[in-house]
Amino acid sequence: MLRTVWVDYARKGEPDVILVGRREDGNPAALVVKGFRPYFYAEVEDGFDPSEVERLSGVVEVEEVLLEHPYGGDRVELLRIVATYPKVVPKLREQVKKLDGVKEVYEADIPFVRRAAVDLNLPPASEVDVSDLDTGSWSGLPAYFADVEDARELDHRPYPIEDLVVASFDLEVLAEPGTTIKGASGPIIAISFAYSTPDGERRNYVITWKGEDESFEVDGVETEVIVCRSEAAALRRFFDEFRRVDPDVVFTYNGDEFDLPYLQHRAGKLGIDVSPLARPAGKRGIILKHGGGRYASDIFGRAHVDLYHTARKNLKLERFTLEEAVKDVLGVEKEEMELADINEAWKRGNLDELMRYSAEDAHYTLELGLELAQVELELSYLTRLPLPDATRFSFGQLAEWRAIYKARQEDILVPNKPTRDEYKRRRRKAYKGAIVFEPEIGLHENVVCVDFASLYPNVMVAHNISPDTFDCDCCPRVTVEEVDDPTDATVAPDVGHKFCKRRKGFFPRLVEGLIERRRELKRRLRKLDTESHPHEAKILDVRQQAYKVLANSYYGYMGWANARWFCRECAESVTAWGRYYISEVRRIAEEKYGLKVVYGDTDSLFVKLPDADLEETIERVKEFLKEVNGRLPVELELEDAYKRILFVTKKKYAGYTEDGKIVTKGLEVVRRDWAPIARETQRRVLKRILADNDPEAALKEIHEVLERLKSGDVDIDELAVTSQLTKKPSEYVQKGPHVRAALRLARHLGVEPEPGTIVRYVIVRGPGSVSDKAYPVELVREEGKEPDVDYYIEHQILPAVERIMRAIGYSRGQIVGETASQKTLDQFFG
DNA sequence: GCGGACTGCTTACCT
DNA sequence: ACAGGTAAGCAGTCCGCG
């Protein structure tokens, strides 16, 4: 068995495909696939002479092939053009395109390594059975050799992350004025490094060049501080330790944009070779790539997994710092150290704190990786994308790569990406989405929520919605009016698009495959004794989630203007059937079961039975579910039962469930662009109303906060509003408070605010508009500003609580009234 | 000249 | 940077008003 983590190809000689990983016996090894060459397709006019292509330099072979058209219809005849080396493809593609009689070129933009993984059916991160292969060595690594046919026959499966040697590292840098990543003028003062092996070895190191050797524990793990004589010596020592540990997976937090490029540039400045990082040594240690404003950094022979991407995609956080991610995933409140404090600690020789902080960075990055990486491995396996790529890709791209892999398996031509103009054209036309029912505003008791399980994927499968089944030629034209039951039709209600009834489409096959595999994993999970096998259970659970995420991506994918398989009519039909089903079950609930629908959004309904308790309501709902689930191809499930629930507007509600938890959706409580003090007050008010059923206590909460605010007894953090820049400040038509605050901070730091920057700002006392008064938290004290208490009362606390109190029938006067009189009295006697 | 009504821009949420 | 639907704040303008 070889557990692979990395894939590349030989740049010298033949383009052998190389997979690097670790054998079961614990030793690193490579799998070398010989004889695979890059290729692409050309669509040509009748009578085109293939020898015109054959004589171009870099062409190995041209053959005629028949492939399924991605948008349906007859198979298409294409020329499959095989090239000598990956690097000749871009030029060759342009030459072929220009030939007379060539209509279009396909699949020429698929990078060779990804093409190989898809074509050879070799998941780049998987456990491969290499037992039947010839052995030898490659660049000093033990190696297994396969030709293209052998490779396609190899057995492979996903593996648990713990079966690899995993490590993490983090740099602390002295941020001297003018330090940039490229300039790398600030020295690296500490490198923390953590690792764990399949044998259970687990250690942390901090390598630095000031202070004394010491050791301590971080979170129960032995941590050694190694002091070297110089920065250069520290770097070399780090490389030594790294090579000794020889990790398969290297976790970082922001390593793509910071740690790896900085290490590369700084090592360059010091004249130190980073190639010892690579496996085998001597290859490129750090590979920096940048495209479209984004950076990616790889380490040859290992999988660099930057957990920042994983956090961004899988967690819902206010700020995506390591500390926030660690708190969310591991429940640990890790201390944060600011840049200035790091500088000061280093300069003053206050190293103890600094070393601990540094050690914790690597330690918790590793712990985070062990928690989060399994899902990335599964997605890499499902898409055949190299693991580091899979972590960086959006769900839309992952869905696309699963489709590319499946298309190759089924001899379907992969459509090209849209041109810029095509992209713009696609975006111009919007389409209708889901229905949101008008809520019955106010407090309700004994409400049950039911929802469709994976509505959109199931609609796609049930109605055969796919780019290749849309408007087929083989089925008769039917109009919406002729359809009496859309449940059993392939003509979408409302929009009237028609889908093939005879042949199952590519996307339904794709989605159904994912749904079925997921069902199988869930079945295995249910059978497993979770108590005695908690670890296996977790892996199965993570895997089933990966299938769900991918299956759920295809609806959005078809409506994505950048998608290769873009199909607006498909996306539009999915939502049309969705609207049909939710409206249909609403009608049945009301007409046949006397259930009153108090709210509903897309695939859910909140229902209540007048004058019934929760138990009776649940019983009635179950009868109702039984009927609809016998009649419809999509399954409606009981989601939750609420003792009390308050609807404020569409998309904003809070409920108190049967089992005592408070669920809050859309309200200020859950929005980061509201001040924590307003959110917290609203949370308390909701608890009083929902859990305690005591609106008067809610009023008291409000008055207490207002008093506290007026007395000035508030922390600046309680007032900080969090907001993200979505573009460069200059591109804003309207510069709102967050933009002005970001500009103020940027000017102070002497930098340019980048899109994606998250600012935290406070509204301070002074003249002008709200924006004029928005200051970043960092500068409030420095510039001697006072928070604008009136603003926080009128525009934060009161709107947040008023929405709740009004929904249960209180007027503004009743909410503030008492405080006002209280205040007058205070003034009289104060 | 002022303030409320209205519009457009913007963000972050829901499913 | 997978979709559309939605609320809501703020900036800026319009409009009525002796």
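On a predicted model such as this, the values are computed, not experimentally measured, just so you know.

A word on helix H7 (residues 307-314). Of all the positions in H7, only Leu-307, His-309, Thr-310 and Ala-311 are classed as buried. Next to the buried residues of H7 lie strand S17 (249-252), helix H6 (255-270), strand S20 (303-306), helix H8 (322-330), helix H10 (351-383) and helix H11 (387-392). Capping the start of H7 is the job of one residue whose side-chain oxygen sits 3.0 Å from the backbone nitrogen of Tyr-308: Asp-306.

Our focus in this paragraph is the protein's contact with DNA strand C. The environment of DNA strand C is made up of 27 residues, and the closest members are Arg-294, Ser-394, Gly-433, Ser-771 and Tyr-791. Among the atoms of DNA strand C lying within 4 Å of the protein, the sugar-phosphate backbone contributes 82%. Mapped by element, the contributors of at least two residues to the surface near DNA strand C are helix H16 (534-558) and helix H23 (789-807). In terms of residue class, the surface near DNA strand C is built from 10 nonpolar, 11 polar and 6 charged.

Pairing within the open sheet is mixed, and its 7 strands lie in the order S9-S10-S3-S2-S1-S8-S11. Of all strands in the sheet, those bounded by a partner on one side alone are strand S9 (134-138) and strand S11 (156-157). In this structure, strand S2 (residues 17-23) lies alongside strand S3 (residues 28-34), joined through 6 bridges in antiparallel fashion. Its bridge partner lying in S3, Val-17 is registered against Val-33.

Moving on, we come to the pattern of salt bridges. Counting across every chain of the model gives 77 salt bridges. In this structure, Lys-334 engages Glu-323 in a salt bridge whose closest nitrogen and oxygen atoms are separated by 2.8 Å. Here Lys-334, found in the loop between H8 and helix H9 (339-348), pairs with Glu-323, found in helix H8; they are 11 residues apart in sequence, far enough to count as distant. Judged by relative accessible area, Lys-334 falls into the buried class, the value being 8%. Where Arg-740 meets Asp-772, a salt bridge forms, and the shortest distance between an N and an O atom there is 3.0 Å. Of this pair, Arg-740 sits in helix H21 (residues 737-749) while Asp-772 sits in the loop between strand S29 (758-763) and strand S30 (774-776), and the two are 32 residues apart along the sequence. Linked by salt bridges that have partners in common, Glu-680, Arg-683, Arg-684, Lys-687, Arg-688, Asp-692 and Glu-701 make up one network.

According to UniProt, the feature "domain: DNA-directed DNA polymerase family B multifunctional" (unreviewed entry) maps to residues 406-808 in the numbering used here. End C-alpha atoms of residues 406-808 are separated by 54 Å, and the span's content is 45% helix alongside 15% strand.

Side chains of Glu-333, Glu-335, Glu-336, Glu-338, Asp-341, Asp-352, Glu-353 and Glu-778 sit close together on the surface and give a patch of like negative charge. Within the secondary structure layout, Asp-352 lies in helix H10. Classification of Asp-352 by relative accessible area gives partly exposed; the value is 42%.

Here we come to the state of the cysteines. If you walk through the whole model with that rule in mind, you get 1 disulfide. One disulfide in the model links Cys-567 with Cys-570; its S-S distance is 2.3 Å. One quick way to see it: the torsion about the S-S bond of Cys-567 and Cys-570 is about 70 degrees, and its sign makes the bridge right-handed. As far as the burial class goes, Cys-567 and Cys-570 line up, both buried. Here Cys-500 stays free of any disulfide, with the sulfur of Cys-474 as its closest cysteine sulfur at 3.5 Å. Overall, the relative accessible area of 3% leaves Cys-500 in the buried class.

We now examine unusual backbone geometry. The amide bond that connects Arg-279 to the next residue, Pro-280, takes the cis arrangement and shows omega of 0 degrees. Within the secondary structure layout, Pro-280 lies in the loop between H6 and strand S18 (287-291). One non-glycine residue with positive phi stands out, namely Ser-139, at about 45 degrees. In this structure, Ser-139 sits in the loop between S9 and strand S10 (141-147). Backbone geometry places Asp-471, a non-glycine residue, at a positive phi of 55 degrees.

For the rest of this paragraph, the subject is the protein's contact with DNA strand B. The environment of DNA strand B is formed by 19 residues, the closest being Asp-603, Gly-666, Thr-726, Tyr-732 and Gln-734. The protein-proximal atoms of DNA strand B, defined as those within 4 Å of the protein, are 87% sugar or phosphate. One of the backbone N or O atoms of Val-733 is found 3.1 Å from a phosphate oxygen in DNA strand B. His-738 has a polar side-chain atom sitting 3.0 Å from a phosphate oxygen of DNA strand B. Residue composition of the surface near DNA strand B, by class: 4 nonpolar, 7 polar and 8 charged.

About the cut-offs
- Residues numbered from 1 in each chain as written.
- Chains lettered and ligands numbered in written order.
- Predicted model: local features only at pLDDT ≥ 70, side-chain atom pairs only at ≥ 80, totals over all residues.
- Heavy atoms only, no water.
- Buried < 20%, exposed > 50% of the residue type's maximum accessible area, 1.4 Å probe, protein only.
- Helix = DSSP H or I, 4+ residues; strand = E, 2+ residues; numbered from the N terminus.
- Contact = heavy atoms within 4.5 Å.
- Polar contact = N/O pair within 3.5 Å; in protein donor to acceptor, adjacent residues only side chain to side chain.
- Near = heavy atom within 4 Å.
- Nonpolar A, V, L, I, M, F, W, Y, C, P; charged D, E, K, R; others polar.
- Pairing = 2+ DSSP bridges.
- Salt bridge = Lys/Arg side-chain N within 4 Å of Asp/Glu carboxyl O.
- UniProt positions renumbered as here; feature names shortened; annotations may be inferred.
- Patch = residues over 30% accessible without salt bridge, like charges linked within 9 Å, V, L, I, M, F, W, Y side chains within 5 Å.
- Areas by Shrake-Rupley, 256 points an atom, 1.4 Å probe, with all protein chains shown as cover.
- Lys, Arg positive; Asp, Glu negative; His and termini not counted.
- Charge placed at Lys NZ, Arg CZ, Asp CG, Glu CD.
- Disulfide = S-S within 2.5 Å.

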